[in-house]
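This is what each chain is made of:
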Amino acid sequence: MKPYQPEQIFVERSIEGSPITKNVLDRLPGVPTRSIDSTEFLLEESQRWNPTIPRSKQSLILAHHKGKFFKPCPGSRAKEGLKGVCCNYFVINYASNCHMECSYCYLQSYLNFPYMTIYANQVDLITELKTAFAGSPHDFFRIGTGELADSLALDWLTGYSTVLVEFFARQTNAVLELKTKSNCVGNLLGLEHGGKTVVSWSMNPRYVQEKEEHKTSSISQRLQAATECAEQGYPVGFHLDPLIFYPAWETDYRDLIEEIFRRIPASSIAWISVGSLRMTSSLKDTIRRRFPSSFLPLGELVPSPDGKMRYFKPLRMGMYRQVLRWIREKSPTTQVYACMEGPGVWKEVFQSVPTEAELGEELIQCVV
Ligand code: SF4
């Protein structure tokens with residue numbers, strides 16, 4: 001992975017004393033830094049730029065998160081028209097945006113505030129989590145930090161994971177998932193994690209990684225990082241998402257699955273998810289503009305009821321069935337689930353349609 005190097009840092013005054021702020025500034029000593037009262041003017045400034053994304057990613061904002069950090073995953077809740085099978089997942093939005101430049105990244109057309117942002121008031125996050133867990137002692141929470149940012153790509157700068165992993169190790173009704181396309185696991189090694197943090201990698205064949213996931217860690221680096229985490233007793237996960245169709249997809253995904261199970265013992269793998277390529281028409285336009293050599297917009301994508309375009313259903317289901325078969329050949333018992341798919345796909349691929357509670361419970365049982 002190419003480490004993120006901002007050209008300037010803006011620090012909101014209210015979090016100047018935070019340990020996260022200190023970590024970042026200590027690790028980027030030569031980068032010009034400016035104190036600000038609020039981030040509002042930055043938004044106005046970015047709206048005058050064209051194109052906005054590359055320029056705004058050159059600035060790192062250390063901000064005070066004023067809303068809720070912790071919420072149900074918007075992707076897994078049933079949305080109008082899609083009726084997706086939900087996996088009862090929660091998210092922590094500790095940061096937003098990502099420098100790794102995957103051509104298909106939905107953040108390009110989703111974020112209103114286009115800067116690289118880290119919310120440095122981590123103490124408020126921990127307070128919020130304590131309150132939520134204590135307020136629902138009979139519920140069990142599976143929580144990820146990888147919705148609006150990669151969970152670990154900036155961890156060498158922030159040290160965010162250290163506090164989170166040790167906090168979750170002490171919880172009796174919650175597990176954390178750190179989802180990444182990086183190999184930044186240095187801060188995780190040696191922590192008292194208590195088996196309550198799943199470190200997971202989004203995976204694609206090398207061909208896709210090299211063509212479409214531009215600044216991410218290579219597949220070999222991700223597998224090496226997963227091996228190190230498994231050796232440290234972390235449960236690890238893999239997300240074959242987005243599955244991408246191209247002429248050699250069958251050979252390449254089969255090889256990838258074989259390589260995963262060759263490197264990582266099945267007993268260390270908490271879960272594997274599958275999901276197909278999806279994009280809105282605005283994201284498709286952005287991919288064409290920002291990544292003209294990407295082959296993804298050339299795929300035959302058709303609109304789904306939730307407004308996103310996906311491969312048409314028979315193709316998706318054929319891909320899921322094959323991938324599931326290759327996983328089952330290696331490990332008949334590893335938990336596999338589909339992300340952002342409806343009951344029809346579940347029924348035909350997995351032969352059952354779990355409720356939100358059942359799927360959430362099954363996934364939790366993979367960890368605790
Ligand atoms: S690693 Fe994830 S968050 Fe970062 S650009 Fe790629 S898809 Fe987006």
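Residues numbered from 1 in each chain as written. Predicted model: local features only at pLDDT ≥ 70, side-chain atom pairs only at ≥ 80, totals over all residues. Heavy atoms only, no water.

Engineer: Explanation requested: unusual backbone geometry in the structure shown.
Structural biologist: Outside of glycine, negative phi angles account for most residues, and trans bonds account for most peptide bonds. Between Asn50 and Pro51 the backbone carries a cis peptide bond, its omega angle lying at 0°. The residue Pro51 is located in the loop between α2 (40-47) and α3 (53-56) in this model. Put simply, Asp241 and Pro242 share a cis peptide bond, and its omega is 5°. Within the fold, Pro242 resides in strand β11 (residues 236-243). Despite not being glycine, Glu101 has its phi angle at roughly 60°, a positive value. Checked against the element boundaries, Glu101 lands in the loop between β6 (95-96) and β7 (116-119). Even without a glycine there, the phi angle at Gln351 is positive, about 65°. Exposure remark for Gln351: the relative accessible area of 61% places this residue in the exposed category. (Helix = DSSP H or I, 4+ residues; strand = E, 2+ residues; numbered from the N terminus. Buried < 20%, exposed > 50% of the residue type's maximum accessible area, 1.4 Å probe, protein only.)

Engineer: Just checking my understanding: could you explain helix α8 (residues 219-231) for this structure?
Structural biologist: Compared with an ideal rise of 1.5 Å per residue, which puts 13 residues at 18 Å, α8 spans 18 Å between its outermost C-alpha atoms and is within 8% of the ideal. Residues of α8 that are buried: Ile219, Arg222, Leu223, Ala225, Ala226, Thr227, Cys229 and Ala230. Against the buried residues of α8 lie β10 (197-202), α7 (206-212), β11 and α9 (249-263). (Expected span 1.5 Å × (residues − 1). Contact = heavy atoms within 4.5 Å.)

Engineer: Sorry, what's going on with the layout of surface pockets here?
Structural biologist: One simple way to see leftover space: roll a probe sized like a water molecule over the atoms. Estimates place the volume of the largest pocket at around 1,200 Å³. In this structure, the largest pocket is lined by 46 residues; those nearest its centre are Tyr106, Gly146, Glu147, Lys179 and Arg278. Looking at the lining of the largest pocket, the elements that each hand over two or more residues are β5 (89-92), β9 (174-180), β11, β13 (278-279) and α10 (281-290). The residue makeup of the lining of the largest pocket, split by class, is 22 nonpolar, 12 polar and 12 charged. (1 Å grid on protein atoms, 1.4 Å probe; cavity = no way out; pocket = protein on both sides within 12 Å on 5 of 7 lines; lining within 4 Å. Points joined across faces, edges and corners; volume = space filled by probe spheres on them. Nonpolar A, V, L, I, M, F, W, Y, C, P; charged D, E, K, R; others polar.)

Engineer: Where do I start with the sheet that holds strand β12 (residues 269-276) in this structure?
Structural biologist: In sheet architecture, strand pairing relies on hydrogen bonds along the backbone and comes in two forms, parallel and antiparallel. Reading across from one edge, β4-β5-β8-β9-β10-β11-β12-β16 is the order of the 8 strands in this open sheet, with mixed pairing throughout. Strand pairing shows two members of the sheet lacking a second neighbour, β4 (70-72) and β16 (335-338), which therefore form its edges. Averaged over all adjacent pairs, the angle separating strand axes in this sheet is 25°, with direction ignored. For β12 and β16, the ladder comprises 4 bridges, and the chain directions are parallel. (Pairing = 2+ DSSP bridges. Axes fitted to C-alpha atoms, helices over the stretch in contact; angles between N-to-C directions.)

Engineer: I keep staring at the sheet that holds strand β1 (residues 8-12) and nothing clicks. Help me out?
Structural biologist: Taken in spatial order, the 5 strands of this open sheet run β2-β1-β3-β7-β6, and their pairing is mixed. Each of the sheet's edge strands pairs with one partner strand only, and the pair in question is β2 (33-36) and β6. Taken together, the 4 bridges between strand β3 (residues 59-63) and β7 define a ladder with parallel strand orientation. If you follow Ile61 over to β7, its bridge partner there is Thr117. Relative to β3, helix α1 (residues 19-27) is tilted by about 155°, and along the sheet it contacts β1, β2, β3 and β7.

Engineer: Whenever I open this one, the site of the ligand confuses me. Can you help?
Structural biologist: Near the ligand you find Cys98, Met100, Glu101, Cys102, Cys105, Leu107 and Lys181, and these make up its full shell. When each cavity is represented as a set of grid points, the ligand is found to reside in the largest pocket. Class assignment for the residues of the shell around the ligand results in 5 nonpolar, no polar and 2 charged. (Near = heavy atom within 4 Å. Sits in = over half its atoms within 2 Å of the grid points.)

Engineer: Just to check I follow, could you spell out the packing of helix α11 (residues 313-330) against helix α12 (residues 343-350) for this structure?
Structural biologist: The angle between the axes and the distance between the axes are what describe a pair of packed helices. Two numbers describe how α11 lies on α12: the axes approach to 10 Å, and their chain directions differ by 40°. For the element pair α11 / α12, the angle class is oblique. When you trace α11 past α12, the crossing you get is right-handed. Residues Lys313, Arg316, Met317, Tyr320, Arg321 and Leu324 of α11 lie in contact with α12, whose contacting residues are Gly344, Val345, Glu348, Val349 and Phe350. Residues belonging to the contact of α11 with α12 are distributed by class as follows: 6 nonpolar, 1 polar and 4 charged. (Parallel < 35°, antiparallel > 145°, perpendicular 65-115°, else oblique. Left-handed = near helix turned anticlockwise from the far one by under 90°.)

Engineer: Looking at this model, I keep getting lost on the packing of aromatic side chains. Mind explaining?
Structural biologist: Pairs of aromatic rings are described using the distance from one ring centre to the other and the angle between the two planes. One pass over the structure, following the stated rule, counts 22 aromatic pairs. Between Phe245 and Tyr311, the aromatic rings sit 6.3 Å apart at their centres with planes inclined by 70°, giving edge-to-face as the arrangement. Of this pair, Phe245 sits in the loop between β11 and α9 while Tyr311 is found in strand β15 (residues 309-311), placing the two residues 66 residues apart along the sequence. Its relative accessible area of 3% is what places Tyr311 among the buried residues. Here the guanidinium or amino end of Arg142 rests over the ring plane of Trp271, the centre of that ring lying 5.1 Å away. (Phe/Tyr/Trp six-rings, centres within 6.5 Å; stacked < 30°, edge-to-face > 60°. Lys NZ or Arg CZ within 6 Å of the ring centre and 35° of its normal.)

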